[in-house]
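Given next are the chains, with one letter for each unit.
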Amino acid sequence: MPELPEVETVRDGLARHVTGRTVTGVEVLRDYSVRRHEGGPESFRGQLVGQRVGAAVRRGKYLWLLLEETSGAVAVESGDLPDGAAPAGGHVTALMAHLGMSGQLLVRSGSAAVEKVPHLRVRLELSGLAGEDEADAPRTLDFVDQRTFGHLSVTDLAPTPDGAPGGWGSPLAEIPEPAAHIARDLLDPALRRDDLARAVRRRRTGIKRALLDQRLVSGVGNIYADEALWRAGLHYARPTDTLRLAEAHRVLDAAEEVMREALAQGGTSFDELYVNVNGQSGYFSRSLAVYGREGEECTRCGALVRRDEFMNRSSYTCPVCQKVPRNARW
(Lines give C-alpha, C1' and ligand atoms only; values in the text may rest on other atoms or scores of the structure.)
Protein backbone atom coordinates (compact mmCIF):
# COMPACT_ATOMS: atom_id res chain seq x y z
CA MET A 1 0.00 0.00 0.00
CA PRO A 2 1.37 3.47 -0.83
CA GLU A 3 2.60 5.37 2.20
CA LEU A 4 3.01 9.08 2.87
CA PRO A 5 5.87 9.80 0.41
CA GLU A 6 4.06 8.06 -2.45
CA VAL A 7 0.77 9.84 -1.72
CA GLU A 8 2.51 13.20 -1.31
CA THR A 9 4.21 12.72 -4.68
CA VAL A 10 0.78 12.22 -6.26
CA ARG A 11 -0.69 15.19 -4.36
CA ASP A 12 2.07 17.48 -5.59
CA GLY A 13 1.47 16.40 -9.17
CA LEU A 14 -2.27 16.97 -8.88
CA ALA A 15 -1.67 20.41 -7.39
CA ARG A 16 0.44 21.35 -10.40
CA HIS A 17 -1.67 19.77 -13.15
CA VAL A 18 -5.37 19.81 -12.23
CA THR A 19 -6.07 22.72 -9.86
CA GLY A 20 -8.18 25.46 -11.39
CA ARG A 21 -9.81 23.10 -13.89
CA THR A 22 -13.51 22.29 -14.03
CA VAL A 23 -14.90 18.75 -14.24
CA THR A 24 -16.77 18.54 -17.54
CA GLY A 25 -17.47 14.81 -17.66
CA VAL A 26 -17.22 11.64 -15.56
CA GLU A 27 -17.10 8.02 -16.68
CA VAL A 28 -17.39 5.25 -14.08
CA LEU A 29 -16.18 2.07 -15.71
CA ARG A 30 -16.40 -0.03 -12.57
CA ASP A 31 -19.06 0.72 -9.99
CA TYR A 32 -17.02 -0.97 -7.25
CA SER A 33 -14.47 1.84 -7.44
CA VAL A 34 -17.07 4.31 -6.12
CA ARG A 35 -18.56 1.90 -3.58
CA ARG A 36 -17.92 4.28 -0.67
CA HIS A 37 -19.82 7.10 -2.37
CA GLU A 38 -23.30 7.41 -0.94
CA GLY A 39 -25.79 7.27 -3.81
CA GLY A 40 -23.73 5.19 -6.25
CA PRO A 41 -22.25 6.03 -9.67
CA GLU A 42 -25.01 8.37 -10.85
CA SER A 43 -24.79 10.48 -7.71
CA PHE A 44 -20.99 10.43 -8.03
CA ARG A 45 -21.22 11.86 -11.55
CA GLY A 46 -23.84 14.40 -10.58
CA GLN A 47 -21.80 15.74 -7.69
CA LEU A 48 -18.66 16.14 -9.80
CA VAL A 49 -19.72 17.59 -13.14
CA GLY A 50 -19.52 21.38 -13.03
CA GLN A 51 -17.26 21.47 -9.97
CA ARG A 52 -13.99 23.37 -10.06
CA VAL A 53 -10.90 21.67 -8.63
CA GLY A 54 -9.23 23.67 -5.90
CA ALA A 55 -6.36 22.52 -3.72
CA ALA A 56 -4.95 19.01 -3.67
CA VAL A 57 -4.66 18.10 0.01
CA ARG A 58 -3.14 15.20 1.95
CA ARG A 59 -3.16 13.93 5.50
CA GLY A 60 -1.07 10.81 6.03
CA LYS A 61 -2.04 8.37 3.27
CA TYR A 62 -5.36 10.12 2.61
CA LEU A 63 -5.70 12.39 -0.41
CA TRP A 64 -8.46 14.71 -1.55
CA LEU A 65 -9.24 17.48 -4.02
CA LEU A 66 -11.30 20.44 -2.81
CA LEU A 67 -14.27 21.08 -5.07
CA GLU A 68 -16.61 24.01 -5.41
CA GLU A 69 -19.34 25.10 -7.76
CA THR A 70 -18.03 27.11 -10.67
CA SER A 71 -20.50 29.95 -10.13
CA GLY A 72 -18.44 32.66 -8.44
CA ALA A 73 -15.75 30.14 -7.49
CA VAL A 74 -12.02 30.58 -7.40
CA ALA A 75 -9.35 27.91 -7.26
CA VAL A 76 -8.06 27.32 -3.76
CA GLU A 77 -4.26 27.32 -3.68
CA SER A 78 -2.10 26.88 -0.59
CA GLY A 79 -1.29 30.30 0.80
CA ASP A 80 -4.13 32.11 -1.05
CA LEU A 81 -6.35 32.27 2.03
CA PRO A 82 -5.85 33.20 5.68
CA ASP A 83 -5.68 30.30 8.10
CA GLY A 84 -9.02 28.56 8.48
CA ALA A 85 -10.78 30.71 5.88
CA ALA A 86 -13.14 29.18 3.33
CA PRO A 87 -12.91 30.20 -0.34
CA ALA A 88 -15.43 32.56 -1.85
CA GLY A 89 -18.10 30.96 -4.00
CA GLY A 90 -20.20 27.85 -3.66
CA HIS A 91 -20.34 25.06 -1.12
CA VAL A 92 -17.00 23.26 -0.79
CA THR A 93 -16.91 19.47 -0.92
CA ALA A 94 -14.05 17.08 -1.61
CA LEU A 95 -13.23 14.30 -4.03
CA MET A 96 -11.52 11.83 -1.74
CA ALA A 97 -9.18 9.16 -3.08
CA HIS A 98 -7.96 6.08 -1.25
CA LEU A 99 -5.35 4.39 -3.43
CA GLY A 100 -5.59 0.99 -1.74
CA MET A 101 -2.89 -1.47 -2.82
CA SER A 102 -2.41 -0.39 -6.42
CA GLY A 103 -4.48 2.71 -7.18
CA GLN A 104 -3.01 5.41 -9.39
CA LEU A 105 -4.23 8.87 -10.41
CA LEU A 106 -2.83 9.64 -13.85
CA VAL A 107 -3.15 13.00 -15.61
CA ARG A 108 -3.18 12.92 -19.40
CA SER A 109 -3.28 15.59 -22.06
CA GLY A 110 -5.99 14.73 -24.53
CA SER A 111 -8.11 11.64 -24.00
CA ALA A 112 -6.83 8.13 -24.72
CA ALA A 113 -9.58 5.65 -25.59
CA VAL A 114 -10.82 4.05 -22.39
CA GLU A 115 -10.43 0.54 -23.78
CA LYS A 116 -6.74 1.19 -24.33
CA VAL A 117 -6.02 2.11 -20.68
CA PRO A 118 -5.37 -1.04 -18.62
CA HIS A 119 -7.30 -1.25 -15.33
CA LEU A 120 -9.03 2.10 -15.88
CA ARG A 121 -11.85 2.40 -13.32
CA VAL A 122 -12.93 6.05 -13.33
CA ARG A 123 -12.17 8.93 -15.70
CA LEU A 124 -12.71 12.64 -15.07
CA GLU A 125 -12.64 15.02 -18.02
CA LEU A 126 -11.23 18.42 -17.09
CA SER A 127 -11.51 21.77 -18.82
CA GLY A 128 -8.56 23.75 -20.05
CA LEU A 129 -7.31 26.85 -18.25
CA ALA A 130 -7.51 30.44 -19.44
CA GLY A 131 -5.17 31.07 -22.36
CA GLU A 132 -5.74 27.69 -24.00
CA ASP A 133 -2.13 27.19 -25.02
CA GLU A 134 -0.79 23.64 -25.23
CA ALA A 135 0.01 23.48 -21.52
CA ASP A 136 -3.52 24.60 -20.62
CA ALA A 137 -5.45 22.27 -22.95
CA PRO A 138 -8.20 20.00 -21.57
CA ARG A 139 -6.98 16.98 -19.64
CA THR A 140 -8.24 13.76 -18.15
CA LEU A 141 -7.69 12.44 -14.65
CA ASP A 142 -7.76 8.63 -14.70
CA PHE A 143 -8.17 6.44 -11.64
CA VAL A 144 -6.38 3.22 -12.53
CA ASP A 145 -6.48 0.32 -10.08
CA GLN A 146 -5.13 -3.13 -10.89
CA ARG A 147 -6.23 -4.83 -7.66
CA THR A 148 -9.46 -2.82 -7.14
CA PHE A 149 -8.95 -2.15 -3.41
CA GLY A 150 -8.90 1.63 -3.91
CA HIS A 151 -11.93 3.86 -4.19
CA LEU A 152 -13.15 7.41 -4.88
CA SER A 153 -15.99 9.32 -3.27
CA VAL A 154 -17.38 12.83 -3.04
CA THR A 155 -17.84 13.83 0.58
CA ASP A 156 -18.65 16.79 2.79
CA LEU A 157 -16.02 18.41 4.98
CA ALA A 158 -15.93 18.62 8.76
CA PRO A 159 -14.08 21.20 10.90
CA THR A 160 -10.78 20.06 12.35
CA PRO A 161 -10.98 19.67 16.16
CA ASP A 162 -7.86 21.75 16.75
CA GLY A 163 -8.72 24.52 14.29
CA ALA A 164 -5.55 23.91 12.27
CA PRO A 165 -5.53 23.16 8.52
CA GLY A 166 -7.00 19.80 7.60
CA GLY A 167 -3.94 18.65 5.71
CA TRP A 168 -0.91 19.58 3.67
CA GLY A 169 -1.78 21.66 0.61
CA SER A 170 -4.49 24.01 1.88
CA PRO A 171 -5.01 26.34 4.86
CA LEU A 172 -8.68 25.34 5.10
CA ALA A 173 -9.38 24.06 8.62
CA GLU A 174 -11.63 21.26 7.38
CA ILE A 175 -11.17 17.58 6.54
CA PRO A 176 -13.33 15.06 4.65
CA GLU A 177 -15.71 13.41 7.09
CA PRO A 178 -14.47 9.83 6.34
CA ALA A 179 -10.93 10.89 7.30
CA ALA A 180 -11.83 12.83 10.43
CA HIS A 181 -10.49 10.03 12.68
CA ILE A 182 -7.06 10.05 11.02
CA ALA A 183 -4.25 11.56 13.08
CA ARG A 184 -1.84 14.18 11.79
CA ASP A 185 1.34 12.92 10.15
CA LEU A 186 5.00 13.55 10.90
CA LEU A 187 5.36 16.12 8.11
CA ASP A 188 2.37 18.16 9.27
CA PRO A 189 3.42 21.54 10.73
CA ALA A 190 0.41 21.41 13.08
CA LEU A 191 1.56 18.14 14.68
CA ARG A 192 2.51 18.47 18.34
CA ARG A 193 5.57 16.22 18.46
CA ASP A 194 5.97 16.16 22.25
CA ASP A 195 2.32 15.20 22.72
CA LEU A 196 2.72 12.42 20.16
CA ALA A 197 5.88 11.03 21.82
CA ARG A 198 4.07 10.89 25.15
CA ALA A 199 1.03 9.26 23.53
CA VAL A 200 3.28 6.57 22.05
CA ARG A 201 4.72 5.80 25.49
CA ARG A 202 1.23 5.49 26.99
CA ARG A 203 0.35 2.66 24.61
CA ARG A 204 0.76 -0.93 25.74
CA THR A 205 1.81 -2.48 22.46
CA GLY A 206 4.86 -3.06 20.29
CA ILE A 207 6.45 0.03 18.78
CA LYS A 208 5.79 -1.01 15.18
CA ARG A 209 2.11 -1.58 15.89
CA ALA A 210 1.99 1.93 17.34
CA LEU A 211 3.66 3.42 14.25
CA LEU A 212 1.12 1.69 12.01
CA ASP A 213 -1.88 2.96 13.99
CA GLN A 214 -3.25 5.74 11.79
CA ARG A 215 -5.31 7.07 14.71
CA LEU A 216 -2.07 7.77 16.59
CA VAL A 217 0.14 9.05 13.76
CA SER A 218 -0.76 8.80 10.09
CA GLY A 219 1.23 8.11 6.96
CA VAL A 220 3.63 5.44 8.23
CA GLY A 221 3.22 1.98 6.71
CA ASN A 222 5.17 -1.26 6.71
CA ILE A 223 8.10 -0.06 4.62
CA TYR A 224 8.92 3.14 6.46
CA ALA A 225 8.19 1.64 9.88
CA ASP A 226 10.89 -1.00 9.27
CA GLU A 227 13.32 1.58 7.92
CA ALA A 228 12.70 3.99 10.81
CA LEU A 229 13.13 1.29 13.45
CA TRP A 230 16.41 0.18 11.88
CA ARG A 231 17.69 3.76 11.93
CA ALA A 232 16.59 4.16 15.54
CA GLY A 233 18.16 0.83 16.55
CA LEU A 234 14.91 -0.51 17.99
CA HIS A 235 13.23 -3.89 17.44
CA TYR A 236 9.65 -3.79 16.21
CA ALA A 237 8.45 -5.72 19.30
CA ARG A 238 9.88 -3.22 21.81
CA PRO A 239 7.04 -2.41 24.25
CA THR A 240 6.04 1.22 23.88
CA ASP A 241 5.55 1.68 27.62
CA THR A 242 9.22 0.80 28.22
CA LEU A 243 10.48 3.54 25.89
CA ARG A 244 12.23 6.51 27.37
CA LEU A 245 10.91 9.82 26.05
CA ALA A 246 14.16 10.33 24.14
CA GLU A 247 13.73 6.92 22.48
CA ALA A 248 10.18 7.74 21.44
CA HIS A 249 11.43 10.96 19.87
CA ARG A 250 14.29 9.08 18.20
CA VAL A 251 12.03 6.69 16.35
CA LEU A 252 9.62 9.47 15.33
CA ASP A 253 12.53 11.56 14.08
CA ALA A 254 13.85 8.55 12.15
CA ALA A 255 10.44 7.98 10.55
CA GLU A 256 10.24 11.61 9.47
CA GLU A 257 13.79 11.53 8.15
CA VAL A 258 13.33 8.41 6.05
CA MET A 259 10.04 9.66 4.61
CA ARG A 260 11.56 13.01 3.65
CA GLU A 261 14.40 11.21 1.90
CA ALA A 262 11.93 8.97 0.08
CA LEU A 263 9.82 11.96 -0.90
CA ALA A 264 12.87 13.65 -2.42
CA GLN A 265 13.25 10.59 -4.66
CA GLY A 266 9.59 10.29 -5.57
CA GLY A 267 8.64 7.55 -3.11
CA THR A 268 9.16 3.81 -3.17
CA SER A 269 7.81 1.81 -6.10
CA PHE A 270 7.53 -1.96 -6.47
CA ASP A 271 6.25 -3.66 -9.65
CA GLU A 272 5.58 -0.17 -11.07
CA LEU A 273 2.44 0.09 -8.93
CA TYR A 274 3.12 3.35 -7.11
CA VAL A 275 3.72 6.14 -9.59
CA ASN A 276 3.29 9.87 -9.80
CA VAL A 277 0.60 11.50 -11.92
CA ASN A 278 2.75 11.16 -15.02
CA GLY A 279 3.25 7.43 -14.55
CA GLN A 280 6.87 7.67 -13.39
CA SER A 281 8.01 5.33 -10.61
CA GLY A 282 9.87 6.42 -7.49
CA TYR A 283 13.42 5.26 -6.83
CA PHE A 284 13.79 5.14 -3.03
CA SER A 285 13.55 1.33 -3.16
CA ARG A 286 17.22 1.44 -4.17
CA SER A 287 18.07 3.11 -0.85
CA LEU A 288 16.23 0.77 1.56
CA ALA A 289 18.39 -0.50 4.40
CA VAL A 290 16.37 -3.53 5.55
CA TYR A 291 12.93 -3.72 3.97
CA GLY A 292 12.80 -6.50 1.38
CA ARG A 293 16.49 -7.39 1.95
CA GLU A 294 16.18 -10.74 3.73
CA GLY A 295 19.52 -12.58 3.74
CA GLU A 296 21.50 -9.53 2.60
CA GLU A 297 24.12 -7.80 4.73
CA CYS A 298 23.11 -4.99 7.04
CA THR A 299 24.75 -1.85 5.69
CA ARG A 300 25.68 -0.83 9.23
CA CYS A 301 27.14 -3.98 10.82
CA GLY A 302 27.25 -6.67 8.14
CA ALA A 303 24.86 -9.12 9.85
CA LEU A 304 22.28 -10.79 7.61
CA VAL A 305 18.89 -9.10 7.52
CA ARG A 306 16.08 -11.34 8.73
CA ARG A 307 12.40 -11.46 7.89
CA ASP A 308 9.63 -12.26 10.37
CA GLU A 309 5.91 -12.66 9.82
CA PHE A 310 4.07 -9.70 11.31
CA MET A 311 0.34 -8.85 11.18
CA ASN A 312 -0.12 -10.89 7.98
CA ARG A 313 2.80 -8.99 6.49
CA SER A 314 6.55 -9.00 7.04
CA SER A 315 9.02 -7.24 9.29
CA TYR A 316 12.67 -6.87 8.34
CA THR A 317 15.32 -6.32 11.00
CA CYS A 318 19.03 -6.58 11.64
CA PRO A 319 19.49 -9.15 14.45
CA VAL A 320 22.54 -7.27 15.75
CA CYS A 321 21.44 -3.63 15.44
CA GLN A 322 17.89 -4.40 16.59
CA LYS A 323 18.05 -7.00 19.32
CA VAL A 324 14.83 -8.64 20.47
CA PRO A 325 13.85 -6.99 23.78
CA ARG A 326 12.81 -8.69 26.96
CA ASN A 327 9.05 -8.69 27.41
CA ALA A 328 8.66 -8.30 23.65
CA ARG A 329 5.16 -7.48 22.43
CA TRP A 330 4.72 -9.18 19.10
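The shown structure was predicted, so the numbers you read here are calculated from the model rather than taken from an experiment.

Draft legend 1. The arrangement of the packing of helix H3 (residues 193-202) against helix H6 (residues 245-264) in detail. The interhelical angle for the contact between H3 and H6, taken along N-to-C directions, is 115 degrees, at an axis separation of 9 Å. Of the two elements, H3 crosses H6, and the hand of that crossing is right-handed. Here H3 contributes Arg193, Asp194, Leu196, Ala197, Arg198 and Arg201 to the contact with H6, which in turn contributes Leu245, Ala248, His249, Leu252, Asp253 and Glu256. Classifying every residue of the contact of H3 with H6 by side-chain character gives five nonpolar, one polar and six charged.

Draft legend 2. Up close: helix H2 (residues 40-48). Considered for burial, the residues of H2 that qualify are Gly40, Phe44 and Leu48. Viewed end-on, H2 has its buried residues packed into an arc of 90 degrees, placing them on one side of the element. Turned more than 90 degrees off the buried face of H2, the exposed positions are Glu42 and Gly46. Contacts made by the buried residues of H2 are with strand S1 (23-28), strand S2 (51-59), strand S3 (62-69), strand S4 (92-98), strand S6 (120-126) and strand S8 (151-155).

Draft legend 3. Inspection of the packing of helix H5 (residues 222-232) against H6 at higher detail. Between H5 and H6, the shortest axis-to-axis distance is 8 Å and the interhelical angle comes to 125 degrees. Classed by the angle they form, the pair H5 and H6 counts as oblique. Where H5 crosses over H6, the handedness of that crossing is right-handed. Across from Tyr224, Glu227, Ala228, Leu229, Arg231 and Ala232 in H5, the residues of H6 making contact are Arg250, Val251, Ala254, Ala255, Glu257, Val258, Met259, Glu261 and Ala262. Looking at the contact of H5 with H6 residue by residue, the class counts come to ten nonpolar, no polar and five charged.

Draft legend 4. A look at the environment of histidine 37. Residue placement: histidine 37 occurs in the loop between S1 and H2. A relative accessible area of 4% means that histidine 37 is categorised as buried. Along the backbone, histidine 37 and leucine 95 are 58 residues apart, and their C-alpha atoms lie at a distance of 9.9 Å. In this view, histidine 37 contacts Ser43, Phe44, Gln47, Leu152, Ser153 and Val154; residues no more than four positions away in its chain are not counted. Polar side-chain contacts of histidine 37 include one of 3.5 Å to the side chain of glutamine 47.

Draft legend 5. Summary view of the pattern of salt bridges. Evaluated as defined, the whole model comprises 23 salt bridges. As a salt-bridge pair, aspartate 241 and arginine 204 come within 3.1 Å of each other at their nearest N and O atoms. In this pair, aspartate 241 sits in the loop between H5 and H6 while arginine 204 sits in the loop between H3 and helix H4 (207-212), placing the two residues 37 residues apart along the sequence. When its relative accessible area of 29% is taken as the criterion, aspartate 241 is described as partly exposed. Here arginine 204 falls in the exposed class, since its relative accessible area comes to 62%. Salt bridges here are not isolated pairs; linked through shared partners, they connect Glu8, Arg11, Arg58 and Asp185.

Draft legend 6. Main features of the packing of aromatic side chains. Summed over all chains, the structure comprises three aromatic pairs. Relative to tryptophan 330, the ring of tyrosine 236 has its centre 5.7 Å away and its plane inclined at 70 degrees; by these criteria the two rings are edge-to-face. In this pair, tyrosine 236 is assigned in the loop between H5 and H6 and tryptophan 330 in the segment after strand S12 (313-317), connecting sequence segments 94 residues apart. Considering the side-chain rings of tyrosine 291 and tyrosine 316, the 5.1 Å spacing of their centres and the 65 degrees angle between planes classify their relative orientation as edge-to-face. Of the two residues, tyrosine 291 is situated in the loop between H6 and strand S11 (306-310) and tyrosine 316 in strand S12; the sequence distance between them amounts to 25 residues. Under the relative-accessibility criterion, tyrosine 316 is labelled buried at 11%. Taken together, the ring pairs in this structure connect Tyr236, Phe310 and Trp330 into an aromatic cluster. One residue, arginine 35, lies across the ring of tyrosine 32, its end atom 4.0 Å from the ring centre.

What counts as what
Residues numbered from 1 in each chain as written. Predicted model: local features only at pLDDT ≥ 70, side-chain atom pairs only at ≥ 80, totals over all residues. Heavy atoms only, no water. Axes fitted to C-alpha atoms, helices over the stretch in contact; angles between N-to-C directions. Helix = DSSP H or I, 4+ residues; strand = E, 2+ residues; numbered from the N terminus. Left-handed = near helix turned anticlockwise from the far one by under 90°. Contact = heavy atoms within 4.5 Å. Nonpolar A, V, L, I, M, F, W, Y, C, P; charged D, E, K, R; others polar. Buried < 20%, exposed > 50% of the residue type's maximum accessible area, 1.4 Å probe, protein only. Arc of directions from axis to C-beta. Parallel < 35°, antiparallel > 145°, perpendicular 65-115°, else oblique. Polar contact = N/O pair within 3.5 Å; in protein donor to acceptor, adjacent residues only side chain to side chain. Salt bridge = Lys/Arg side-chain N within 4 Å of Asp/Glu carboxyl O. Phe/Tyr/Trp six-rings, centres within 6.5 Å; stacked < 30°, edge-to-face > 60°. Lys NZ or Arg CZ within 6 Å of the ring centre and 35° of its normal.

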